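Structural features, examined
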Amino acid sequence: MTHPIPVLFIHGLWLHSTSWQPWIDLFRDEGYAPSAPGWPGDPDTVEEARQNPESIADRGIDDVVDHYAAIIRGMETPPILVGHSFGGMIAQKLLGQNLAAAAVAIDAAQIKGVLPLPLSALRSTLPVFKNPANKHRAVSLTAEQFRFAFGNALTEKESDALYEQWTIPAPGKPLFEAAAANFNPSSPAKVDTANSGRGPLLLMSGGQDHTVPETVTRATVKQYRHSEAVTEFLAFPDRGHSLTIDSGWREVADEALAWLRRQNLEAQR
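A brief structural summary.

Calculation rules
Once a new chain begins, its residue numbering starts again from 1 and follows that chain's sequence as written. pLDDT decides what is reported in this predicted model: residues at 70 or higher carry local features, side-chain atom pairs at 80 or more are listed and counted, and totals for whole chains, interfaces and linings draw on all residues regardless. Excluding hydrogens and water, the side-chain figures rest on all heavy atoms present in the structure. Only protein atoms enter the 1 Å grid, on which a cavity is a set of points fitting a 1.4 Å probe that cannot get out and a pocket is an open set with protein on both sides within 12 Å along at least 5 of 7 lines, lining residues being those with an atom within 4 Å of a point. Grid points are joined across faces, edges and corners, and a volume is the space filled by probe spheres set on the points. Each residue gets one label: Ala, Val, Leu, Ile, Met, Phe, Trp, Tyr, Cys and Pro are nonpolar, Asp, Glu, Lys and Arg are charged, and the others, such as Gly, are polar. Helix numbering and strand numbering both begin at the N terminus, where a helix is a DSSP run of H or I of at least 4 residues and a strand a DSSP run of E of at least 2. Residues adjacent in sequence count toward polar contacts only when both atoms are side-chain atoms; beyond that, a polar contact is any pair of N or O atoms within 3.5 Å, and within protein one must be able to donate a hydrogen and the other to accept it. Patch criteria: residues need more than 30% relative accessible area and no salt bridge. Like-charged residues are merged within 9 Å; nonpolar side chains of Val, Leu, Ile, Met, Phe, Trp and Tyr are merged within 5 Å. Accessible surface is estimated by sampling points in the Shrake-Rupley manner with a 1.4 Å probe; for residues, cover comes only from the protein chains shown. Should a side-chain nitrogen of Lys or Arg be within 4 Å of a carboxyl oxygen of Asp or Glu, the pair is scored as a salt bridge. Working convention for charge: Lys and Arg count positive, Asp and Glu count negative, and His plus the chain ends are omitted. Positions of charges follow a simple convention, taking NZ of Lys, CZ of Arg, CG of Asp or CD of Glu. Type-normalised accessible area, obtained with a 1.4 Å probe on protein chains alone, sets the label of each residue: buried when under 20%, exposed when over 50%, and partly exposed for intermediate values. Whenever a helix is involved, its axis is fitted only over the stretch in contact; in every case the axis is a line through C-alpha atoms, and angles between N-to-C directions fall within 0 to 180 degrees. An angle counts as roughly parallel when it lies under 35 degrees, as roughly antiparallel when it exceeds 145, as roughly perpendicular when it falls between 65 and 115, and as oblique in every other case. By convention the crossing between two helices is left-handed if the near helix lies anticlockwise of the far one by an angle smaller than a right angle, and right-handed if it lies clockwise. The contact rule is simple, with two residues in contact once any of their heavy atoms fall within 4.5 Å. Whether two strands pair comes down to DSSP finding at least two bridges between them. Here a crossover is taken to be right-handed if, once the strands point away from the viewer, the path from the first strand over the helix to the second is traced clockwise.

Considering empty space enclosed by the protein
Where empty space is left can be seen by rolling a probe of water-molecule size over the atoms. Per the stated rule, a full pass over the model turns up 2 cavities of 30 Å³ or more. In this structure, the largest cavity encloses a volume near 50 Å³. Lining of the largest cavity is provided by His11, Gly12, Leu13, Trp14, Leu15, Trp39, Asp42, Ile56, Ile168, Pro169, Ala170 and Pro171. Here the residues of the lining of the largest cavity are counted per class, giving 9 nonpolar, 2 polar and 1 charged.

Remarks on the environment of Asp42
Looking at where Asp42 falls in the secondary structure, it is placed in the loop between β2 (33-35) and α2 (46-51). Expressed as a C-alpha distance, the spacing of Asp42 and Asp62, which sit 20 residues apart in the sequence, is 16 Å. Here the side chain of Asp42 touches His11 through a polar contact of 2.7 Å, side chain to side chain. A distance of 2.9 Å separates the side chain of Asp42 from the backbone nitrogen of Trp39, its partner in a polar contact.

So, a negative patch on the surface
Together, Asp58, Asp62, Asp63 and Asp66 make up a region of like negative charge exposed at the surface. Tracing the sequence through the fold places Asp62 in helix α3 (residues 61-73). Residue class for Asp62 comes out partly exposed when judged on its relative accessible area of 40%.

Here we look at the packing of helix α1 (residues 21-29) against helix α10 (residues 249-262)
Two elements in contact, α1 and α10, have axes whose closest approach is 11 Å; the angle formed by their N-to-C orientations is 40 degrees. Considered as vectors, α1 and α10 are oriented oblique to each other. At the point where α1 passes α10, the crossing takes the right-handed sense. Counted together, Pro22, Trp23, Leu26 and Phe27 of α1 and Trp249, Arg250, Val252, Ala253, Asp254, Ala256, Leu257 and Leu260 of α10 form the full contact between these two elements. In the contact of α1 with α10, the residues fall into 10 nonpolar, no polar and 2 charged.

Section: the pairing of strand β1 (residues 6-10)
In terms of burial, β1 is largely enclosed, as 5 of its 5 residues are buried. Residue alternation in β1 divides its side chains into two sets, Pro6, Leu8 and Ile10 and Val7 and Phe9, and both sets are buried. Alignment of β1 against β2, held across 3 bridges, turns out to be parallel. Looking across to β2, one finds that Pro6 is bridged to Ala33. Remark: the β1/α1/β2 crossover connection has right-handed handedness. Here 4 bridges tie β1 to strand β3 (residues 80-84), and the two strands are oriented parallel to one another. Pairing of Ile10 across the sheet is with Gly83, part of β3.

Listed below in C-alpha cells is the structure:
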C-alpha cells in the first residue's frame, strides 16, 4: 500500500498558516498529504493571533526550524516543503539538514551570504527596525504598510482585503537575525548550501516583490553553486510578495506541482 507524499507548508512573517488553505485543497486533490502547521506560539486563528501577539513574540529562526524539524521527525516519510518568505528560508535550512524530500522556496527571506539589500526591502521591514526593542516583540503592519510590502502589484482593494483576511503580528527577532547574518559566523540564517546529497530545490521569485526583490533570490541561487543537487529558479515578472495568497496564487501553485512532477515527486492518485 502506497502512502501519499506529505507536503508541509510553512508561512512567513505577517501571514497566518491558514492562508495556505487553497494550496492545501489543491495539493490534496492532486493526491498529496498536505498540512500547514503554524510557527511555535501561533494561535489557531487569525483573530486569536491578533488578540494575543505576546504568544508569537521573541521567536527566532532556530526556534522555528526546531519546531518544524520535530514535526518532520514525527512523519513516516520526509515531506516536500513549500515555504513563503521566512518560511522559504526555513524550508532551505531543513532541506540542507536532509530532513525533506524537496523544497519550494517562494520569495524566500535572505540567507547568510546573500549581499544585495535593495531599498524597497529596507522600507518593507522598517516597521520592525525603527525600534530596536522590537527584536523581542511582535509587530503588526498597517494596511498601508502591507500594500507596500505585499500588495504593491495588486489593486488597493485586493491588497486591503488580503490584509483583513490573513495578516497577524509577527516576531521581530528573525528580521534582526537575518540583518546581522553576514556579521555572525554562527548566524541562524546560515543554510548548508554546499550539501550535494540533499533533495531538489526550486527558488521562486516575484519580479515586483518589494520585500524580497528578485535580485535577492538570484543572489540566493548563486549561493548553491558548490552543490551538485538540483537547484532551479523561476520568476513571475509581474508578481509581488503576495503571490501565494492573491488572486493569481493558482499559477504559482501549478508551477510548483509541475516542477515536483519533473523531480519524480508526483503524487499517486
